[in-house]
Amino acid sequence: MEKAYLVGLAPDSRKKAEIAQSLEELKLLALSTGTAVIGQRVQVRPRPDSHYFVGKGMVEEIKIEMSRLGGTCVIFDDTLSPAQQRNLEEAFGLKVIDRPILILDLFATRARTAAARLQVELAQLEYTLPRLTGAWVHFSRQYGGVGAKGPGETQLETDRRRVRTKISHLKEKLEKLDVQRATQRKKRQSQFKVALVGYTNAGKSTLFNLLTKASVHTADMLFTTLDSTTRVMSSGYPCNILFSDTVGFIKKLPHQLIESFKSTLEEVSSADLLLHVVDCSDPHYNEQVVQTRAVLTEIGAGDIDCIMIYNKIDAHPEFELPSENGYKSFPISALKKTGIAAIQAELIAKAGKAALYPANG
C-alpha cells in the first residue's frame, strides 16, 4: 500500500481554510485508490515556486517527515509542471504525483465499459506526454559532456512517437463510438431527455435507480459512476422519458478528462432538463454547486432548464431550501425514498408540457 503525504498551497492566510478543505477532498480521493494518508501540510505563499512549487524549506521538512513516517509518495493538490515534478522527485527520492494524475488513476480503476476505458486511457496519455522527459534523465547522467543527450533523446523521441500514435488510435476508436452515440441521440429526439448531474457522491445513481427502477451500482465513495447509463421510462409518465445518469464532477477536474469524456457528457448537453443533485449534508455544498455549474457551462449545458435536488436531508434534518437561487428546488432523501413523489410529479408536468408543445419545449 502506498503511504502518501498531501501538500497544498494557499495564496494568502485567508485562503488557508479553503485549501485545507480541498486537501480533505484530496484525502478521500487518495483513500479511494487504496492509498494510506500519513500526513498533510498547507503552505501560505503568494505564488508557486517555479522549481519546487512549494518553498525549498518545506521540501526539506516534508523529506524529514517522509523518512520518519516511512512514506512512499507525495501528492500535491494542484497541477505540477513536468519540471516541478521532476525536481521534487529528485529532492524527495520518492514518487511525486499531483491531483489530476490521482483523479485519472481513480477513473482508470472505476471504468467499466469499453468507451469509458478508452476515454480514461486517452486522458492519461495526453497528460503523460509532456512528462516523458523525466524517464530519460538517467541517460544524460550516464554519459555526461559532449553527446550526452544522444541516446536519451533518441529513446525519448521514440517513446513520444509511440504515445502520439496510441493517442491517434484511441481518438479514431472514440470517433467511431461518437458516430454511434450521435445516431442513437438522433433516434431519441422525440423523447423528453432528463440528465442527472452533480458533484461526485451526491447520490445521483441512487435517485436514478428510484426514478427508473434500474440497478446502477451505488456506494458511499467518489466516482462510483463513470459510464453514462440511459433508461427509457414510459410507465407512469405522459410520454417516454429518457433518463441519463452521468459521471460526477469534482473540484480541479483535469482538463484532459473533460475533453476525453465530452462525448459521454453530450448526454447532458443534449438534455431537455437537468436534475442537479446536491448533497445538502456536506458543509461545503455551495462550493460544490458552483463547481458543477462551471463544468456544465464548459460543456455547453449552462442554459438548460434545471431543477435543484437537495439530497440526504435524512443526514441534515434542519436543512432549509435556499430562498433565492433562481431554480425550482426539492429536498429529498434518495436513501430513505423521501420526497421522490414530488420530483416525479414535476417530471410528469414538464414531460406532459413538452409532449403538448414540442416546438416550445
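This is a predicted model, so every value here is computed, not measured.

What counts, and at which threshold
- Residues numbered from 1 in each chain as written.
- Predicted model: local features only at pLDDT ≥ 70, side-chain atom pairs only at ≥ 80, totals over all residues.
- Heavy atoms only, no water.
- Salt bridge = Lys/Arg side-chain N within 4 Å of Asp/Glu carboxyl O.
- Buried < 20%, exposed > 50% of the residue type's maximum accessible area, 1.4 Å probe, protein only.
- Helix = DSSP H or I, 4+ residues; strand = E, 2+ residues; numbered from the N terminus.
- pLDDT = per-residue confidence, 0-100.
- Contact = heavy atoms within 4.5 Å.
- Pairing = 2+ DSSP bridges.
- Right-handed = clockwise from strand over helix to strand, strands pointing away.
- Axes fitted to C-alpha atoms, helices over the stretch in contact; angles between N-to-C directions.
- Left-handed = near helix turned anticlockwise from the far one by under 90°.
- Nonpolar A, V, L, I, M, F, W, Y, C, P; charged D, E, K, R; others polar.
- Phe/Tyr/Trp six-rings, centres within 6.5 Å; stacked < 30°, edge-to-face > 60°.
- Expected span 1.5 Å × (residues − 1).
- Core = buried A, V, L, I, M, F, W, Y, C linked by side-chain atoms within 4.5 Å.

Asks: Tell me what's going on with the pattern of salt bridges, and back it up with residues and numbers.
Replies: Per the stated rule, a full pass over the model turns up 15 salt bridges. Between E18 and K15 there is a salt bridge, and its shortest N-O distance comes to 3.5 Å. Overall, the relative accessible area of 35% leaves K15 in the partly exposed class. The shortest N-O distance in the salt bridge between K350 and D305 comes to 3.0 Å. Here K350, found in helix α12 (residues 340-356), pairs with D305, found in the loop between α11 (285-298) and β9 (306-311); they are 45 residues apart in sequence, far enough to count as distant. Accessibility expressed as a relative area gives 24% for K350, which makes it partly exposed. Bridged by salt links that share partners, the residues E25, D77 and R99 form one connected network.

Asks: Explain the confidence of the model for the protein to me, and be specific about the residues and the numbers.
Replies: For the protein, per-residue confidence averages 82 on the pLDDT scale, and residues scoring 70 or more make up 82% of the total. pLDDT under 50 marks residues 134-152. Its contacts with residues more than four places away, or in other chains, come to 16 contacts. When the criterion is pLDDT under 50, residues 217-223 qualifies, and its contacts beyond four places in sequence or with other chains add up to 31 contacts.

Asks: Go over the pairing of strand β2 (residues 36-44), please, and point to the residues and values.
Replies: Here strand β1 (residues 3-10) runs beside β2; their pairing, made up of eight bridges, is parallel. Of the residues in β2, the one forming a bridge with L9 is Q43. For the segment spanning β1, helix α1 (residues 16-32) and β2, crossover handedness is right-handed.

Asks: Explain the packing of α1 against helix α4 (residues 99-110) residue by residue, including any values.
Replies: Put simply, α1 and α4 touch, their axes get as near as 9 Å, and they point 35° apart. In the packing of α1 onto α4, the handedness of the crossing is left-handed. Counted together, S22, E25, L26, L29, A30 and S32 of α1 and R99, L102, I103, L106 and R110 of α4 form the full contact between these two elements. For the contact of α1 with α4, a count of residues per class yields six nonpolar, two polar and three charged.

Asks: I'd like a rundown of the environment of A4, residues and numbers included.
Replies: Along the chain, A4 falls in strand β1. A residue is classified by how much of its surface remains accessible, and A4, at 0% relative accessible area, is buried. Separated by 35 residues in the primary sequence, A4 and G39 have C-alpha atoms spaced 7.3 Å apart. For A4, the residues in contact, after removing those within four places along its chain, are T35, A36, V37, I38, G39, C73 and I75.

Asks: Describe the packing of aromatic side chains, and please don't skip the residues or the numbers.
Replies: With the rule as written, the count across this model stands at four aromatic pairs. Aromatic pair Y285 and Y310: ring centres 6.1 Å apart, planes at 80°, arrangement edge-to-face. Taken as a pair, Y285 in helix α11 and Y310 in strand β9 lie far apart in primary sequence, 25 residues in all. For Y285, a relative accessible area of 14% corresponds to the buried category. When its relative accessible area of 3% is taken as the criterion, Y310 is described as buried. With a centroid separation of 5.2 Å and an interplanar angle of 40°, the aromatic rings of Y310 and F319 are classed as tilted. With respect to burial, Y310 and F319 carry one shared label: buried. Clustering of aromatic rings is evident, with ring pairs tying together Y285, Y310 and F319.

Asks: Help me get a handle on unusual backbone geometry, residues and values and all.
Replies: Look at F53: it is not a glycine, yet its phi comes out positive at around 75°. Phi angles above zero are rare outside glycine, and K312 is one such case at about 70°. Residue placement: K312 occurs in the loop between β9 and β10 (328-331).

Asks: Pulling in residues and values, what's your account of helix α5 (residues 114-128)?
Replies: Over its 15 residues, α5 runs 21 Å from end to end, which matches the ideal 21 Å to within 8%, given 1.5 Å per residue. Considered for burial, the residues of α5 that qualify are A115, A116, L118, Q119, V120, L122, A123, L125 and Y127.

Asks: Kindly report on the nonpolar core, identifying the contributing residues and their values.
Replies: Membership of the largest hydrophobic core comes to 48 residues, with the highest contact counts inside it found for I75, V268, L274 and L296. Not counting residues up to four positions away in its chain, the partners in contact with V268 are A195, V197, T246, L274, L296, I299, A301 and I304. A202, F330, I343 and L347 belong to the second-largest nonpolar core, a separate cluster that totals 21 residues.

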